[in-house]
Structures are given as C-alpha cells and as structure tokens.
Amino acid sequence: FRAMVEARNAVMNLVGPATLPDFWRRHALDSAQLVFHVEHTGDTRSGLTWADLGAGAGFPGVVLAILLKGRPGAKIWLVDSLTKRCVFLEEVVKALELPAEVVNARAETVDIPVQIVTARACAPMVKLLGFAEPWFRRGAQGLFLKGEGAAEEIEAARAAWRFAPEILPSVSDPRGRIVRIRRLARVR
C-alpha cells in the first residue's frame, strides 16, 4: 500500500510529500489506532463494517481494510466524490484483495448501513457531521481523526448539531485527537 501511495502521489498529490518519510506513524499508525476504539458489545461482529467518508488516499479506510482482512463479515466502504481518487482506491483494493468497496459519490447521498463511520482530513466538524448524518440515522457511531483544533471544531459544530462527543488522545501524534460520537441530531 505504501509503495502504491508513493508511486501515485507524484502525479495525484494524495498526501503531503513531506509526510511520506514518516508514513508509518503519520498515516498508517494514525489510521490503525481506530480499531482500538471500537466499542464491543459482546457481539463478535462489532466493528466489522465501516464507511470512510472522503476516503482520499485511503486513510484510514484502506489501513482498516488491511487490518480486518480475513475477518468474516468485515467490509470497509471507501466513499469519495472525486473519480480519480476512486480509480486509485479501486486499484489498491484489487491489488491487495481487501474487504473493501469503493463508492464514487457524495457521502451524504450513500445509503449503506455500517457500524462505524470515520473520516480523516475530510472537512471541519460542522460540515463533516452533515456528511455523516445519514449514516448516524442508520445506527452508526462516529470515530473521526482530528487535529489539535478538535475542541474548537466541536464547539463551532454545536450551533448546528446536538451530540455528545468523547475526545480521545491520539497515539500517533500528541496534538491529534479521535472524536467519538454516538448520536447526532440537528439543532431545531
């Protein structure tokens, strides 16, 4: 996967070129840490179906698919509205034989039930919650990778959304945060 990202990055700018030397911590570990935040309900199938909104270069979705490969029932939906990124993601999914499906559409128009919806570097929280709202209505919880401005994004989103976030530390960067959201509703 790393080799595919590096090769295509030269022509597509999938990730910041300066981040490639630190690929494992900055991209792989940052994405992989989400599996440790899945709330297991005693059901062995919890945490197996994910939607990665604004999947871009495949972080965190492709990394999650790699980690869940071989688990019965695992499926990652890689959702992105840009066709060229979807073509890249399709190549990765096929080459690595991943339990993933690429969806070339706007996230808020996709009707697929999943357990967890995620995103990384997709949009500010207020906008991201709008993309994720249909997924929450179908029962998903959110695990969103955010930077050091996560608390400010959450406060700004409260003008439009009702939700109870849980802010978790990132293992890949002391400034990073994982924002867990269990329920979401528009402010009336």
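Residues numbered from 1 in each chain as written. Predicted model: local features only at pLDDT ≥ 70, side-chain atom pairs only at ≥ 80, totals over all residues. Heavy atoms only, no water.

**Some thoughts on unusual backbone geometry**
Line of reasoning, step 1. A cis amide bond links Phe59 with the next residue in sequence, Pro60, at an omega value of 10°.
Line of reasoning, step 2. Checked against the element boundaries, Pro60 lands in the loop between β1 (49-53) and α3 (61-68).
Line of reasoning, step 3. In this structure, Glu97 is a non-glycine residue whose phi angle is positive, near 50°.
Line of reasoning, step 4. Mapped onto the fold, Glu97 is located in the loop between α4 (83-96) and β3 (100-104).
Line of reasoning, step 5. Overall, Glu97 belongs to the exposed group, its relative accessible area being 62%.
Line of reasoning, step 6. Although it is not a glycine, Ala121 sits at a positive phi angle of roughly 55°.
Line of reasoning, step 7. Checked against the element boundaries, Ala121 lands in the loop between β4 (116-120) and α5 (125-137). (Helix = DSSP H or I, 4+ residues; strand = E, 2+ residues; numbered from the N terminus. Buried < 20%, exposed > 50% of the residue type's maximum accessible area, 1.4 Å probe, protein only.)

**What to know about the pairing of β4**
Line of reasoning, step 1. When you tally the buried positions in β4, you get five out of five residues, the bulk of the element.
Line of reasoning, step 2. The alternating pattern of β4 places Ile116, Thr118 and Arg120 and Val117 and Ala119 on opposite faces, both of which are buried.
Line of reasoning, step 3. As paired strands, β1 and β4 are joined by three bridges and run parallel to one another. From the neighbouring strand, Ala51 faces β4, where its bridge partner is Val117.
Line of reasoning, step 4. Here β4 runs beside strand β5 (residues 141-146); their pairing, made up of five bridges, is parallel. In the sheet register, Thr118 faces β5, and the bridge partner there is Leu143.
Line of reasoning, step 5. With respect to chirality, the unit in which β4 leads through α5 into the neighbouring parallel β5 is right-handed. (Pairing = 2+ DSSP bridges. Right-handed = clockwise from strand over helix to strand, strands pointing away.)

**Observations concerning the pattern of salt bridges**
Line of reasoning, step 1. Scanning the entire structure with this criterion turns up 15 salt bridges.
Line of reasoning, step 2. The shortest N-O distance in the salt bridge between Glu101 and Lys75 comes to 3.4 Å. Taken together, the residues Glu101 in strand β3 and Lys75 in strand β2 (residues 75-80) connect sequence positions 26 residues apart.
Line of reasoning, step 3. With its nearest N and O atoms 3.7 Å apart, the salt bridge here joins Arg137 to Glu133. (Salt bridge = Lys/Arg side-chain N within 4 Å of Asp/Glu carboxyl O.)

**Considerations on the packing of helix α2 (residues 23-32) against α3**
Line of reasoning, step 1. α3 packs onto α2 with a crossing angle of 60° between their chain directions and a minimal axis gap of 8 Å. By the criterion of interaxial angle, the relationship of α2 to α3 is oblique. The element α2 and its partner α3 pack so that their crossing is right-handed. Taken together, the residues of α3 that come into contact with α2 (itself represented by Ala28, Ser31 and Ala32) are Val63, Leu64 and Leu67.
Line of reasoning, step 2. Its residues assigned to classes, the contact of α2 with α3 shows five nonpolar, one polar and no charged. (Axes fitted to C-alpha atoms, helices over the stretch in contact; angles between N-to-C directions. Parallel < 35°, antiparallel > 145°, perpendicular 65-115°, else oblique. Left-handed = near helix turned anticlockwise from the far one by under 90°. Contact = heavy atoms within 4.5 Å. Nonpolar A, V, L, I, M, F, W, Y, C, P; charged D, E, K, R; others polar.)

**Considering the nonpolar core**
The tendency in soluble globular proteins is for nonpolar side chains to be buried side by side.
Line of reasoning, step 1. Core analysis: the largest hydrophobic core is formed by 37 residues, its most contacted members being Phe1, Trp50, Phe59, Ile76, Leu78 and Phe88.
Line of reasoning, step 2. In this structure, Phe59 is in contact with Phe1, Val5, Val15, Phe23, His27, Ser31, Asp52 and Arg120, ignoring residues within four places of it in sequence.
Line of reasoning, step 3. Core analysis: the next-biggest nonpolar cluster, separate from the first, contains 29 residues, Leu53, Trp77, Val114 and Phe144 among them. (Core = buried A, V, L, I, M, F, W, Y, C linked by side-chain atoms within 4.5 Å.)

**Observations concerning the sheet that holds strand β7 (residues 177-186)**
Line of reasoning, step 1. Strand order in the open sheet formed by seven strands is β3-β2-β1-β4-β5-β7-β6, and the pairing between neighbours is mixed. Edge positions in the open sheet fall to β3 and β6 (161-169), since each of these has one partner strand only. On average, each strand axis in the sheet is tilted by 25° relative to the strand beside it, whichever way the strands run.
Line of reasoning, step 2. Across five bridges, β2 lies against β3 in parallel orientation. The residue of β3 that forms the bridge with Leu78 is Val102.
Line of reasoning, step 3. Packing of α4 onto the sheet brings it into contact with β2 and β3, and relative to β3 it is tilted by some 165°.

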